[in-house]
Amino acid sequence: GAGVSQTPSNKVTEKGKYVELRCDPISGHTALYWYRQSLGQGPEFLIYFQGTGAADDSGLPNDRFFAVRPEGSVSTLKIQRTERGDSAVYLCASSLSPFWASGGLDTYNEQFFGPGTRLTVL
Amino acid sequence: AQKVTQAQTEISVVEKEDVTLDCVYETRDTTYYLFWYKQPPSGELVFLIRRNSFDEQNEISGRYSWNFQKSTSSFNFTITASQVVDSAVYFCALGDLSGGGADGLTFGKGTHLIIQP
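About the criteria used
- Residues numbered from 1 in each chain as written.
- Chains lettered and ligands numbered in written order.
- Predicted model: local features only at pLDDT ≥ 70, side-chain atom pairs only at ≥ 80, totals over all residues.
- Heavy atoms only, no water.
- 1 Å grid on protein atoms, 1.4 Å probe; cavity = no way out; pocket = protein on both sides within 12 Å on 5 of 7 lines; lining within 4 Å.
- Points joined across faces, edges and corners; volume = space filled by probe spheres on them.
- Helix = DSSP H or I, 4+ residues; strand = E, 2+ residues; numbered from the N terminus.
- Nonpolar A, V, L, I, M, F, W, Y, C, P; charged D, E, K, R; others polar.
- Buried < 20%, exposed > 50% of the residue type's maximum accessible area, 1.4 Å probe, protein only.
- Polar contact = N/O pair within 3.5 Å; in protein donor to acceptor, adjacent residues only side chain to side chain.
- Contact = heavy atoms within 4.5 Å.
- Buried area = accessible area lost by both parts, 1.4 Å probe.
- Salt bridge = Lys/Arg side-chain N within 4 Å of Asp/Glu carboxyl O.
- Phe/Tyr/Trp six-rings, centres within 6.5 Å; stacked < 30°, edge-to-face > 60°.
- Pairing = 2+ DSSP bridges.
- Axes fitted to C-alpha atoms, helices over the stretch in contact; angles between N-to-C directions.

Draft legend 1. Focus on the layout of surface pockets. Its boundaries defined by the atoms lining it, the largest pocket holds a volume of some 610 Å³. What lines the largest pocket is a set of 30 residues, among which Gln-37, Leu-39 and Arg-118 of chain A together with Gln-39 and Gly-43 of chain B lie closest to the centre. Mapped by element, the contributors of at least two residues to the lining of the largest pocket are β9 (88–95) and β13 (117–121) of chain A together with β10 (88–95) of chain B. In terms of residue count, β13 of chain A provides more of the lining of the largest pocket than any other element does, 4 residues in total. For the lining of the largest pocket, the residue count by class is 11 nonpolar, 17 polar and 2 charged. Each pocket or cavity is described by its volume, and for the second largest pocket that value is around 310 Å³. For the second largest pocket, the lining is made up of 16 residues, of which Glu-44 and Phe-45 of chain A together with Leu-105, Thr-106 and Phe-107 of chain B are closest to its centre.

Draft legend 2. Quick look at the side chain of Thr-111 of chain B. Residue and element names in this part refer to chain B. Considering the arrangement of structural elements, one finds Thr-111 in strand β12 (residues 111–116). A relative accessible area of 0% means that Thr-111 is categorised as buried. At 2.6 Å, the side chain of Thr-111 forms a polar contact with the backbone oxygen of Gln-8. Filtering out sequence-adjacent residues up to four positions away, Thr-111 remains in contact with Gln-6, Gln-8, Thr-9, Ile-11, Leu-21, Ala-88, Val-89 and Tyr-90.

Draft legend 3. Structural context of the interface of chain B and chain A. The interface is formed by 21 residues belonging to chain B together with 22 residues belonging to chain A. Roughly 1,900 Å² is buried in total at the junction of chain B and chain A, and carbon and sulfur atoms are behind 60% of that figure. Seen at the junction of chain B and chain A, the total is 1 salt bridge. A salt bridge links Arg-50 of chain B to Glu-110 of chain A, with the shortest nitrogen-to-oxygen separation between them at 2.9 Å. Linking chain B with chain A are 4 residue pairs in polar contact (both at pLDDT 80 or more), by the criterion used here. Those elements that place two or more of their residues in the side of chain B that touches chain A are β5 (33–39), β6 (46–52) and β10 of chain B. At 4 residues, β5 of chain B tops the list of elements feeding residues into the side of chain B that touches chain A. Considered class by class, the residues forming the side of chain B that touches chain A number 10 nonpolar, 6 polar and 5 charged.

Draft legend 4. The packing of aromatic side chains, seen in detail. With the rule as written, the count across this model stands at 21 aromatic pairs over all chains. Ring plane angle 70 degrees and centroid distance 6.0 Å describe the contact between Tyr-35 of chain A and Phe-45 of chain A, whose orientation is recorded as edge-to-face. A residue pair is termed long-range when its members are at least 10 positions apart, and Tyr-35 of chain A in strand β4 (residues 31–37) and Phe-45 of chain A in strand β5 (residues 44–50) qualify at 10 residues. You'll find Tyr-35 of chain A and Phe-45 of chain A in the same group, each marked buried. Seen from their ring centres, Tyr-37 of chain B and Phe-47 of chain B are 5.9 Å apart, and the 65 degrees between their planes marks the pair as edge-to-face. Of this pair, Tyr-37 of chain B sits in strand β5 while Phe-47 of chain B sits in strand β6, and the two are 10 residues apart along the sequence. Residue Tyr-37 of chain B is classed as buried on the basis of its relative accessible area, which comes to 0%.

Draft legend 5. A look at the sheet that holds strand β8 (residues 75–79) of chain A. Residues and elements named next belong to chain A. The strand order across the open sheet formed by 4 strands is β1-β3-β8-β7, and the pairing between neighbours is antiparallel. In the strand order of this sheet, the two ends are held by β1 (5–7) and β7 (65–68), each with one partner. Going from strand to strand, the sheet's axes swing by 15 degrees on average, the running direction of each strand aside. For strand β3 (residues 19–24) and β8, the ladder comprises 5 bridges, and the chain directions are antiparallel. Paired with Leu-21 across the two strands is Leu-77, which belongs to β8.

Structural data, given as structure tokens:
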């Protein structure tokens, strides 16, 4: 089956411009994550959606960053007034939701990552 | 706060050697999950293994094996008889369910593994 897809694969923009990055998760995956990976670093968590709602947006660096997932499938990460420091690879991942067991939440399912969008802000 | 440390920035070995990638983690949660991902030169992260904090059994999958030790908060990854195709950046990551859902993973900085022919 199809994996996680992200568009565009590359985006070059000028400082101060607005950009949108799109993520198409694996069909049936209700959990969706955005990460940012700078050169030589591990992915850094930005935001997590469970269905249509943002369950945790604590990783968004500031209010220039915003993400939506209106129908619980495709998600868009939006960056306003881009800065050179925003240059990075933006990764999207999806997973099955954790199961509810008798003792509480059970099983943190593995996340499947897309190929990323390389954003360059000039 | 959660933290994952991969102290080895880069490892270079000759093909067929065994190599171990270290991972040390910090968390206050009693239930947590550990992961290893591979990032080949193509860039896409590939899931390798998941382990929960209640299962300390070592796991072997072909040439790959993982050693989880809660006493030292480590989750090390060994490749036996390494091959050139194993060359990649390997990431260790930590996740938990304490926030009422599967919160975002905390990744280490990665170890760049170079297998020389």
